[in-house]
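Coordinate inspection notes
Residue-level listing of the chains:
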Amino acid sequence: MKERTKNGFIPEVLRGAVTAYLCTLALVLIFALVLKAATISSLAVKAVNQFIKAISLFVGCFFSFSGDKGLLKGALTGVLWAAVVYATFAILGGGSFAALAVVLDFVFAAIVGGLSGIVAVNARR
């Protein structure tokens, strides 16, 4: 018989998205300090931003998930995290975003979140 998680599906997804969001904010602030002190090419900035996204989603999933359905939990966490991040940066930056770039970021977040969710639930077994 499968063991049920204490917290349930939705609370784990929400906790994962919040944890990933907080990790993202911390890493973005650290990277902003590095950018202020050093000159880095725009290509490197884009690569570091993708790395920050992936690490944040992994941390959010790893410390929030247990039980099963890691792929689904992770994908939902990634989409929810991406929505909150875009809302935050839209409010702070006030800029517009290219529709294709937004869609690709949501797809990236769902894929990375899903893979992170799989790793997270299997690491707990």
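Look above for the structure.
The rules behind the values
- Residues numbered from 1 in each chain as written.
- Predicted model: local features only at pLDDT ≥ 70, side-chain atom pairs only at ≥ 80, totals over all residues.
- Heavy atoms only, no water.
- Helix = DSSP H or I, 4+ residues; strand = E, 2+ residues; numbered from the N terminus.
- Expected span 1.5 Å × (residues − 1).
- Buried < 20%, exposed > 50% of the residue type's maximum accessible area, 1.4 Å probe, protein only.
- Contact = heavy atoms within 4.5 Å.
- Salt bridge = Lys/Arg side-chain N within 4 Å of Asp/Glu carboxyl O.

A look at helix 4 (residues 99-123)
- Spanning 25 residues, helix 4 covers 36 Å between terminal C-alpha atoms, matching the ideal 36 Å at 1.5 Å per step.
- Every buried residue belonging to helix 4 is among Asp-105, Ala-109, Val-112, Gly-113, Gly-114, Ser-116, Gly-117, Ala-120 and Val-121, and all of these are buried.
- Contact partners of the buried residues in helix 4: helix 2 (42-62) and helix 3 (70-93).

Some points on the pattern of salt bridges
- Tallied over the full model, the rule gives two salt bridges.
- Among the salt bridges present, the one from Glu-12 reaches Lys-73, with a minimum N-O distance of 2.5 Å. Linking Glu-12 in helix 1 (residues 9-37) with Lys-73 in helix 3, this pair joins segments that are 61 residues apart in sequence. The pair Glu-12 / Lys-73 is uniform in exposure class, with both members buried.
- Close ionic contact of Lys-53 with Asp-105 constitutes a salt bridge, the shortest N to O distance being 3.0 Å. Highlighted residues: Lys-53 in helix 2 and Asp-105 in helix 4, separated in sequence by 52 residues. As far as the burial class goes, Lys-53 and Asp-105 line up, both buried.

Section: unusual backbone geometry
- Phi at Lys-69 takes a positive value of approximately 60°, unusual for a residue other than glycine.
- Relative to the helices and strands, Lys-69 is located in the loop between helix 2 and helix 3.

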